Amino acid sequence: MRRFTCDCGNAAPLFFENFHCVSCNNSVGYCFLEESMKTLKPTQTAGLYLSNDKHYRTCANRQEGVCNGVIEIANEKDMTGKAPLCFACHFNDNIPDLKIPSHIELWRRLEKAKRRLLQSLMALRLPLPDKQQSPEGLSFSFMTDKKASDHFRTPITHSGPVFTGHAQGDITINLAEADDVARHRMREDMGEQYRTLLGHFRHEIGHFYWDVLIRDDAAWLAKFRSLFGDPDLSYQEALERHYHRDPNDTSWQSQYISAYATMHPWEDWAETFAHYLHMIDTIETARSWGLQSHSGLRSSSVPVIADMPLPQDANVDVNFELLLENWLHFSVILNALNRSMGTDDAYPFVVVGPVQQKLKMIHELLRAKRMPTKQSIVSKK
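Predicted, not measured: the structure shown is a model, and the values here were computed from it. (Residues numbered from 1 in each chain as written. Predicted model: local features only at pLDDT ≥ 70, side-chain atom pairs only at ≥ 80, totals over all residues. Heavy atoms only, no water.)

Engineer: Explanation requested: the sheet that holds strand β7 (residues 139-143) in the structure shown.
Structural biologist: Within a sheet, each strand pairs with its neighbour through backbone hydrogen bonds, oriented either parallel or antiparallel. A sheet is described by the order of its strands in space; here four strands give the open sequence β6-β7-β9-β8, paired in mixed fashion. Looking at strand neighbours, the two that pair on one side only are β6 (92-94) and β8 (165-167), the edges of this open sheet. Recorded for the sheet is a direction-independent mean angle of 25° between the axes of neighbouring strands. One ladder, built from five bridges, connects β7 with strand β9 (residues 170-174); its direction is parallel. Bridging across to β9, Phe-140 finds its partner in Ile-171. Contacting β6, β7 and β9, helix α1 (residues 101-123) crosses the sheet at an angle of about 160° to β7. In the packing of helix α3 (residues 197-214) onto the sheet, the strands contacted are β7, β8 and β9, and the crossing angle to β9 comes to about 160°. (Pairing = 2+ DSSP bridges. Helix = DSSP H or I, 4+ residues; strand = E, 2+ residues; numbered from the N terminus. Axes fitted to C-alpha atoms, helices over the stretch in contact; angles between N-to-C directions. Contact = heavy atoms within 4.5 Å.)

Right, dumping it as C-alpha coordinates:
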(Lines give C-alpha, C1' and ligand atoms only; values in the text may rest on other atoms or scores of the structure.)
Protein backbone atom coordinates (compact mmCIF):
# COMPACT_ATOMS: atom_id res chain seq x y z
CA MET A 1 0.00 0.00 0.00
CA ARG A 2 1.28 3.46 -0.90
CA ARG A 3 1.81 6.14 1.71
CA PHE A 4 -0.61 9.07 1.56
CA THR A 5 -0.50 12.67 2.77
CA CYS A 6 -3.12 15.30 3.57
CA ASP A 7 -3.25 18.64 1.77
CA CYS A 8 -2.49 20.33 5.08
CA GLY A 9 1.16 19.40 4.58
CA ASN A 10 1.78 18.32 8.18
CA ALA A 11 4.18 15.48 8.89
CA ALA A 12 1.66 12.96 10.20
CA PRO A 13 1.03 10.14 7.70
CA LEU A 14 -2.37 9.56 6.18
CA PHE A 15 -3.34 5.91 6.05
CA PHE A 16 -5.59 4.22 3.51
CA GLU A 17 -8.22 3.53 6.20
CA ASN A 18 -8.39 7.10 7.57
CA PHE A 19 -11.60 9.14 7.70
CA HIS A 20 -9.83 12.23 9.07
CA CYS A 21 -6.33 13.66 9.06
CA VAL A 22 -4.85 13.28 12.55
CA SER A 23 -2.99 16.60 12.19
CA CYS A 24 -5.66 19.00 10.93
CA ASN A 25 -8.81 16.87 11.47
CA ASN A 26 -9.95 17.51 7.89
CA SER A 27 -12.25 14.86 6.46
CA VAL A 28 -10.51 12.61 3.95
CA GLY A 29 -11.63 9.81 1.67
CA TYR A 30 -10.28 7.43 -0.95
CA CYS A 31 -11.32 7.76 -4.59
CA PHE A 32 -10.86 4.38 -6.28
CA LEU A 33 -11.12 5.66 -9.84
CA GLU A 34 -8.37 8.21 -9.17
CA GLU A 35 -6.42 5.89 -6.84
CA SER A 36 -5.77 8.68 -4.37
CA MET A 37 -6.75 10.00 -0.96
CA LYS A 38 -8.73 13.23 -1.09
CA THR A 39 -8.76 16.00 1.50
CA LEU A 40 -12.42 16.99 1.63
CA LYS A 41 -13.45 20.60 2.11
CA PRO A 42 -17.15 21.08 2.90
CA THR A 43 -19.27 23.32 0.70
CA GLN A 44 -22.51 25.15 1.38
CA THR A 45 -24.37 22.10 0.07
CA ALA A 46 -24.72 19.31 2.64
CA GLY A 47 -22.88 16.17 1.56
CA LEU A 48 -20.92 17.96 -1.18
CA TYR A 49 -17.15 18.42 -0.85
CA LEU A 50 -14.34 20.00 -2.81
CA SER A 51 -10.85 18.63 -3.35
CA ASN A 52 -8.48 20.33 -5.77
CA ASP A 53 -11.41 22.08 -7.48
CA LYS A 54 -13.30 18.81 -8.07
CA HIS A 55 -16.63 17.91 -6.48
CA TYR A 56 -17.04 14.72 -4.45
CA ARG A 57 -19.73 12.93 -2.51
CA THR A 58 -18.98 10.51 0.28
CA CYS A 59 -20.12 6.89 0.13
CA ALA A 60 -23.53 6.16 1.62
CA ASN A 61 -21.82 3.76 4.05
CA ARG A 62 -19.65 6.50 5.55
CA GLN A 63 -22.44 7.41 7.95
CA GLU A 64 -22.00 4.04 9.62
CA GLY A 65 -18.25 4.61 9.87
CA VAL A 66 -17.89 1.64 7.51
CA CYS A 67 -16.41 3.14 4.34
CA ASN A 68 -14.20 6.15 3.57
CA GLY A 69 -14.77 5.97 -0.18
CA VAL A 70 -15.65 9.06 -2.21
CA ILE A 71 -17.19 9.51 -5.65
CA GLU A 72 -16.36 12.34 -8.03
CA ILE A 73 -19.40 14.11 -9.46
CA ALA A 74 -19.52 16.67 -12.26
CA ASN A 75 -21.07 19.51 -10.27
CA GLU A 76 -23.59 20.51 -7.63
CA LYS A 77 -26.48 19.62 -9.93
CA ASP A 78 -25.59 15.94 -9.53
CA MET A 79 -26.48 16.08 -5.82
CA THR A 80 -29.99 14.79 -6.48
CA GLY A 81 -31.11 11.53 -4.86
CA LYS A 82 -29.73 9.64 -1.91
CA ALA A 83 -26.03 9.29 -1.24
CA PRO A 84 -24.38 6.89 -3.70
CA LEU A 85 -22.28 3.83 -3.03
CA CYS A 86 -18.59 4.14 -3.83
CA PHE A 87 -16.79 1.83 -6.23
CA ALA A 88 -15.93 -0.66 -3.48
CA CYS A 89 -19.37 -0.79 -1.88
CA HIS A 90 -21.29 -1.15 -5.14
CA PHE A 91 -20.06 -4.76 -5.32
CA ASN A 92 -21.97 -5.68 -2.14
CA ASP A 93 -24.85 -8.08 -2.64
CA ASN A 94 -25.56 -8.85 1.04
CA ILE A 95 -24.43 -7.05 4.17
CA PRO A 96 -24.89 -8.13 7.82
CA ASP A 97 -28.11 -7.43 9.70
CA LEU A 98 -27.39 -3.96 11.14
CA LYS A 99 -30.26 -4.19 13.62
CA ILE A 100 -27.78 -6.22 15.67
CA PRO A 101 -25.39 -3.54 17.05
CA SER A 102 -22.31 -5.77 17.21
CA HIS A 103 -22.61 -6.48 13.48
CA ILE A 104 -21.68 -2.91 12.56
CA GLU A 105 -18.12 -3.13 13.90
CA LEU A 106 -17.63 -6.54 12.29
CA TRP A 107 -18.90 -5.16 8.99
CA ARG A 108 -16.38 -2.29 9.30
CA ARG A 109 -13.59 -4.85 9.52
CA LEU A 110 -14.89 -6.70 6.48
CA GLU A 111 -15.09 -3.52 4.43
CA LYS A 112 -11.60 -2.42 5.47
CA ALA A 113 -10.13 -5.70 4.20
CA LYS A 114 -12.27 -5.63 1.04
CA ARG A 115 -11.19 -2.08 0.15
CA ARG A 116 -7.53 -2.99 0.53
CA LEU A 117 -8.07 -5.99 -1.74
CA LEU A 118 -9.80 -3.89 -4.41
CA GLN A 119 -7.11 -1.23 -4.22
CA SER A 120 -4.47 -3.87 -5.02
CA LEU A 121 -6.51 -5.26 -7.92
CA MET A 122 -6.98 -1.83 -9.45
CA ALA A 123 -3.28 -1.08 -9.08
CA LEU A 124 -2.55 -4.31 -10.94
CA ARG A 125 -5.06 -3.23 -13.64
CA LEU A 126 -7.01 -6.47 -13.38
CA PRO A 127 -10.54 -6.63 -14.80
CA LEU A 128 -13.24 -6.06 -12.19
CA PRO A 129 -16.58 -6.80 -13.86
CA ASP A 130 -19.68 -6.49 -11.70
CA LYS A 131 -23.02 -8.29 -12.01
CA GLN A 132 -24.31 -5.65 -14.45
CA GLN A 133 -21.48 -6.44 -16.81
CA SER A 134 -21.52 -10.21 -16.48
CA PRO A 135 -23.61 -12.89 -14.71
CA GLU A 136 -20.31 -14.09 -13.24
CA GLY A 137 -19.18 -10.60 -12.33
CA LEU A 138 -17.81 -9.90 -8.86
CA SER A 139 -20.06 -9.48 -5.83
CA PHE A 140 -19.68 -9.86 -2.08
CA SER A 141 -22.04 -11.37 0.47
CA PHE A 142 -21.37 -10.94 4.20
CA MET A 143 -23.60 -13.35 6.10
CA THR A 144 -23.80 -15.34 9.31
CA ASP A 145 -25.41 -18.52 10.62
CA LYS A 146 -24.52 -18.02 14.31
CA LYS A 147 -25.00 -15.34 16.95
CA ALA A 148 -22.33 -12.72 17.50
CA SER A 149 -23.20 -12.35 21.19
CA ASP A 150 -21.04 -15.35 22.18
CA HIS A 151 -18.40 -15.08 19.46
CA PHE A 152 -20.46 -17.11 16.98
CA ARG A 153 -20.92 -20.31 18.97
CA THR A 154 -24.74 -20.42 19.05
CA PRO A 155 -26.53 -21.29 15.77
CA ILE A 156 -29.26 -18.97 14.55
CA THR A 157 -32.60 -20.75 14.41
CA HIS A 158 -33.89 -21.50 10.90
CA SER A 159 -30.67 -20.23 9.28
CA GLY A 160 -28.78 -22.42 6.86
CA PRO A 161 -25.02 -22.85 7.15
CA VAL A 162 -22.86 -20.04 5.73
CA PHE A 163 -19.55 -21.10 4.19
CA THR A 164 -16.81 -18.69 3.24
CA GLY A 165 -16.15 -19.33 -0.43
CA HIS A 166 -16.60 -18.36 -4.07
CA ALA A 167 -19.18 -19.39 -6.66
CA GLN A 168 -19.87 -17.80 -10.08
CA GLY A 169 -18.33 -14.50 -9.08
CA ASP A 170 -20.00 -14.19 -5.67
CA ILE A 171 -17.60 -14.17 -2.75
CA THR A 172 -19.23 -15.08 0.56
CA ILE A 173 -17.47 -14.27 3.83
CA ASN A 174 -18.93 -15.58 7.09
CA LEU A 175 -19.23 -12.68 9.52
CA ALA A 176 -17.53 -14.82 12.18
CA GLU A 177 -14.24 -14.34 10.32
CA ALA A 178 -14.32 -10.68 11.39
CA ASP A 179 -14.53 -11.69 15.07
CA ASP A 180 -11.01 -12.12 16.48
CA VAL A 181 -12.03 -14.75 19.04
CA ALA A 182 -14.05 -16.84 16.59
CA ARG A 183 -11.36 -16.63 13.92
CA HIS A 184 -8.61 -17.64 16.33
CA ARG A 185 -10.72 -20.56 17.54
CA MET A 186 -11.19 -21.72 13.95
CA ARG A 187 -7.49 -21.31 13.26
CA GLU A 188 -6.66 -23.54 16.23
CA ASP A 189 -9.32 -26.10 15.28
CA MET A 190 -8.00 -26.27 11.70
CA GLY A 191 -4.34 -26.37 12.74
CA GLU A 192 -3.52 -23.35 10.60
CA GLN A 193 -0.42 -21.18 10.95
CA TYR A 194 -2.10 -18.13 9.49
CA ARG A 195 -5.72 -17.01 9.24
CA THR A 196 -6.62 -13.38 8.63
CA LEU A 197 -9.61 -11.55 7.24
CA LEU A 198 -7.55 -10.00 4.44
CA GLY A 199 -6.10 -13.43 3.70
CA HIS A 200 -9.63 -14.77 3.14
CA PHE A 201 -10.42 -12.02 0.66
CA ARG A 202 -7.18 -12.59 -1.22
CA HIS A 203 -7.76 -16.35 -1.33
CA GLU A 204 -11.33 -16.10 -2.59
CA ILE A 205 -10.49 -13.51 -5.23
CA GLY A 206 -7.95 -16.04 -6.51
CA HIS A 207 -10.85 -18.38 -7.31
CA PHE A 208 -12.62 -15.51 -9.07
CA TYR A 209 -9.59 -14.81 -11.27
CA TRP A 210 -9.14 -18.46 -12.12
CA ASP A 211 -12.54 -18.23 -13.80
CA VAL A 212 -11.87 -14.83 -15.37
CA LEU A 213 -8.28 -15.26 -16.54
CA ILE A 214 -7.57 -18.99 -16.96
CA ARG A 215 -10.68 -21.14 -17.40
CA ASP A 216 -11.38 -20.14 -21.00
CA ASP A 217 -7.80 -19.50 -22.12
CA ALA A 218 -6.34 -22.74 -23.51
CA ALA A 219 -2.70 -21.64 -23.33
CA TRP A 220 -2.85 -20.47 -19.71
CA LEU A 221 -4.98 -23.46 -18.73
CA ALA A 222 -2.24 -25.75 -20.05
CA LYS A 223 0.35 -23.89 -17.97
CA PHE A 224 -1.92 -24.20 -14.96
CA ARG A 225 -2.21 -27.97 -15.41
CA SER A 226 1.56 -28.37 -15.66
CA LEU A 227 2.18 -26.61 -12.34
CA PHE A 228 -0.97 -26.99 -10.23
CA GLY A 229 -2.57 -30.18 -11.58
CA ASP A 230 -5.87 -31.20 -13.14
CA PRO A 231 -8.70 -28.77 -12.26
CA ASP A 232 -11.28 -31.35 -13.39
CA LEU A 233 -10.60 -33.63 -10.41
CA SER A 234 -13.67 -34.15 -8.23
CA TYR A 235 -13.72 -31.31 -5.71
CA GLN A 236 -16.03 -33.17 -3.34
CA GLU A 237 -13.79 -36.22 -3.22
CA ALA A 238 -10.75 -33.99 -2.74
CA LEU A 239 -12.52 -32.22 0.12
CA GLU A 240 -13.31 -35.50 1.89
CA ARG A 241 -9.74 -36.75 1.48
CA HIS A 242 -8.34 -33.50 2.84
CA TYR A 243 -10.37 -33.58 6.05
CA HIS A 244 -9.41 -37.20 6.67
CA ARG A 245 -5.69 -36.56 6.21
CA ASP A 246 -3.13 -37.18 8.95
CA PRO A 247 -2.64 -33.76 10.59
CA ASN A 248 0.93 -34.76 11.48
CA ASP A 249 1.88 -35.42 7.86
CA THR A 250 4.20 -32.60 6.76
CA SER A 251 5.20 -34.02 3.37
CA TRP A 252 3.22 -31.21 1.69
CA GLN A 253 5.91 -28.73 2.67
CA SER A 254 8.13 -29.76 -0.23
CA GLN A 255 5.53 -28.83 -2.88
CA TYR A 256 2.92 -26.44 -1.46
CA ILE A 257 2.61 -23.12 0.36
CA SER A 258 0.15 -24.56 2.91
CA ALA A 259 -1.52 -27.81 3.91
CA TYR A 260 -4.84 -26.51 2.57
CA ALA A 261 -3.24 -26.02 -0.85
CA THR A 262 -2.84 -29.81 -1.15
CA MET A 263 -6.59 -30.36 -1.25
CA HIS A 264 -7.26 -29.57 -4.92
CA PRO A 265 -5.51 -27.68 -7.74
CA TRP A 266 -8.08 -24.87 -7.35
CA GLU A 267 -7.16 -24.44 -3.69
CA ASP A 268 -3.45 -24.59 -4.47
CA TRP A 269 -4.02 -21.80 -6.99
CA ALA A 270 -6.07 -19.67 -4.58
CA GLU A 271 -3.58 -20.10 -1.73
CA THR A 272 -0.66 -19.19 -3.98
CA PHE A 273 -2.56 -16.26 -5.51
CA ALA A 274 -3.19 -14.90 -2.02
CA HIS A 275 0.50 -15.15 -1.21
CA TYR A 276 1.40 -13.24 -4.35
CA LEU A 277 -0.84 -10.39 -3.17
CA HIS A 278 0.67 -10.63 0.34
CA MET A 279 4.11 -10.26 -1.20
CA ILE A 280 3.58 -7.33 -3.54
CA ASP A 281 1.41 -5.30 -1.15
CA THR A 282 3.84 -5.67 1.75
CA ILE A 283 6.84 -4.77 -0.39
CA GLU A 284 4.97 -1.75 -1.75
CA THR A 285 4.30 -0.59 1.82
CA ALA A 286 7.96 -1.04 2.74
CA ARG A 287 9.05 0.80 -0.40
CA SER A 288 6.62 3.65 0.25
CA TRP A 289 8.23 4.19 3.66
CA GLY A 290 11.73 4.10 2.18
CA LEU A 291 12.87 0.88 3.85
CA GLN A 292 16.02 -0.92 2.75
CA SER A 293 16.47 -4.68 2.69
CA HIS A 294 19.36 -5.94 4.79
CA SER A 295 22.60 -6.23 2.83
CA GLY A 296 23.58 -9.28 4.85
CA LEU A 297 20.56 -11.18 3.54
CA ARG A 298 20.06 -9.72 0.10
CA SER A 299 22.64 -10.21 -2.64
CA SER A 300 24.30 -7.03 -3.90
CA SER A 301 22.76 -7.49 -7.37
CA VAL A 302 19.22 -7.09 -6.03
CA PRO A 303 17.95 -3.50 -5.76
CA VAL A 304 17.02 -2.35 -2.29
CA ILE A 305 13.31 -2.29 -1.54
CA ALA A 306 13.19 1.52 -1.70
CA ASP A 307 14.25 1.26 -5.37
CA MET A 308 12.36 -1.93 -6.25
CA PRO A 309 10.03 -1.80 -9.29
CA LEU A 310 6.73 -3.57 -8.62
CA PRO A 311 3.90 -5.04 -10.71
CA GLN A 312 1.64 -2.20 -9.52
CA ASP A 313 3.85 0.34 -11.33
CA ALA A 314 2.76 1.51 -14.77
CA ASN A 315 4.88 0.60 -17.80
CA VAL A 316 7.49 -1.29 -15.81
CA ASP A 317 8.82 -4.78 -16.57
CA VAL A 318 9.41 -6.39 -13.18
CA ASN A 319 11.97 -9.16 -12.86
CA PHE A 320 10.23 -11.85 -10.81
CA GLU A 321 13.41 -13.45 -9.48
CA LEU A 322 14.61 -10.13 -8.03
CA LEU A 323 11.18 -9.43 -6.59
CA LEU A 324 11.04 -12.84 -4.95
CA GLU A 325 14.54 -12.59 -3.50
CA ASN A 326 13.72 -9.27 -1.89
CA TRP A 327 10.49 -10.71 -0.49
CA LEU A 328 12.11 -13.81 0.97
CA HIS A 329 14.76 -11.75 2.72
CA PHE A 330 12.40 -8.99 3.84
CA SER A 331 9.97 -11.55 5.31
CA VAL A 332 12.79 -12.76 7.58
CA ILE A 333 13.21 -9.21 8.88
CA LEU A 334 9.44 -8.84 9.21
CA ASN A 335 9.27 -11.98 11.35
CA ALA A 336 12.20 -10.82 13.46
CA LEU A 337 10.40 -7.52 14.16
CA ASN A 338 7.25 -9.38 15.19
CA ARG A 339 9.22 -11.59 17.56
CA SER A 340 10.70 -8.47 19.14
CA MET A 341 7.13 -7.37 19.92
CA GLY A 342 6.28 -10.77 21.37
CA THR A 343 3.89 -11.72 18.56
CA ASP A 344 3.78 -14.63 16.13
CA ASP A 345 5.64 -14.48 12.83
CA ALA A 346 3.86 -12.25 10.33
CA TYR A 347 4.76 -14.65 7.50
CA PRO A 348 5.13 -18.20 8.89
CA PHE A 349 5.75 -19.85 5.51
CA VAL A 350 8.60 -21.39 3.55
CA VAL A 351 8.48 -20.64 -0.18
CA VAL A 352 10.06 -23.78 -1.67
CA GLY A 353 11.11 -24.20 -5.31
CA PRO A 354 7.79 -25.58 -6.70
CA VAL A 355 5.88 -22.77 -4.98
CA GLN A 356 8.26 -20.22 -6.46
CA GLN A 357 7.43 -21.53 -9.94
CA LYS A 358 3.72 -21.22 -9.22
CA LEU A 359 4.19 -17.66 -7.99
CA LYS A 360 6.13 -16.88 -11.14
CA MET A 361 3.27 -18.13 -13.30
CA ILE A 362 0.86 -15.86 -11.42
CA HIS A 363 3.25 -12.95 -11.89
CA GLU A 364 3.45 -13.58 -15.64
CA LEU A 365 -0.29 -14.15 -15.99
CA LEU A 366 -1.20 -10.88 -14.28
CA ARG A 367 1.28 -9.00 -16.40
CA ALA A 368 -0.15 -10.56 -19.57
CA LYS A 369 -3.75 -9.85 -18.57
CA ARG A 370 -3.14 -6.30 -17.33
CA MET A 371 -5.79 -3.90 -18.63
CA PRO A 372 -4.51 -0.89 -20.59
CA THR A 373 -6.16 1.83 -18.48
CA LYS A 374 -8.02 2.35 -15.23
CA GLN A 375 -11.13 3.16 -17.20
CA SER A 376 -11.03 -0.17 -19.05
CA ILE A 377 -11.12 -2.01 -15.71
CA VAL A 378 -14.58 -0.76 -14.87
CA SER A 379 -16.06 0.20 -18.28
CA LYS A 380 -19.55 -1.14 -18.96
CA LYS A 381 -20.11 -3.67 -21.70
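From this point, the narrative continues.
Engineer: In this structure, what is going on with the nonpolar core? I would like to understand it.
Structural biologist: Considering soluble globular proteins, one finds that nonpolar side chains tend to be buried as a cluster. Judged by nonpolar contacts, the single largest core of 84 residues is most densely connected at Ile-205 and Trp-269. With nine residues, α3 is the single largest residue contributor to this core. Trp-269 has contacts with Gly-206, Trp-210, Ile-214, Phe-224, Phe-228, Met-361, Ile-362 and Leu-365, leaving out every residue within four places of it along the chain. Listed in part, the five residues of the second largest apolar core include Cys-31, Leu-40, Tyr-56 and Val-70. (Core = buried A, V, L, I, M, F, W, Y, C linked by side-chain atoms within 4.5 Å. Buried < 20%, exposed > 50% of the residue type's maximum accessible area, 1.4 Å probe, protein only.)

Engineer: How should I be thinking about the packing of α3 against helix α6 (residues 265-288) in this particular structure?
Structural biologist: The relative placement of two packed helices comes down to the angle between their axes together with the axis-to-axis distance. Packing of α3 against α6 brings their axes to within 8 Å, and their N-to-C directions diverge by 115°. Between α3 and α6 lies a crossing whose hand is right-handed. Packed against α3, whose contacting residues are Gly-199, Arg-202, His-203, Ile-205, Gly-206, His-207, Tyr-209, Trp-210 and Ile-214, the element α6 presents Trp-266, Glu-267, Trp-269, Ala-270, Glu-271, Phe-273, Ala-274, Leu-277, His-278 and Asp-281 at the interface. Classifying every residue of the contact of α3 with α6 gives ten nonpolar, five polar and four charged. (Left-handed = near helix turned anticlockwise from the far one by under 90°. Nonpolar A, V, L, I, M, F, W, Y, C, P; charged D, E, K, R; others polar.)

Engineer: Just to check I follow, could you spell out a nonpolar patch on the surface for this structure?
Structural biologist: Taken together, the side chains of Phe-15, Trp-289 and Leu-291 define a hydrophobic patch exposed on the protein surface, amounting to about 280 Å² of accessible area. When you line up the elements, Trp-289 lands in the loop between α6 and α7 (320-340). Residue classification places Trp-289 among the partly exposed residues on the basis of a relative accessible area of 37%. (Patch = residues over 30% accessible without salt bridge, like charges linked within 9 Å, V, L, I, M, F, W, Y side chains within 5 Å. Areas by Shrake-Rupley, 256 points an atom, 1.4 Å probe, with all protein chains shown as cover. Salt bridge = Lys/Arg side-chain N within 4 Å of Asp/Glu carboxyl O.)

Engineer: Help me understand the sheet that holds strand β5 (residues 70-73) in this model?
Structural biologist: In space, the five strands of this open sheet follow the order β1-β2-β3-β4-β5, with antiparallel pairing throughout. If you trace the sheet from one side to the other, it starts and ends with β1 (27-31) and β5, each paired once. Sheet twist, expressed as the mean angle between neighbouring strand axes with direction ignored, is 45°. With two bridges joining them, strand β2 (residues 36-42) and strand β3 (residues 48-51) adopt antiparallel strand pairing. Residue Pro-42 lies in a different strand from β3, and its bridge partner there is Tyr-49.

Functional significance is not addressed by these values, which are geometric in nature.
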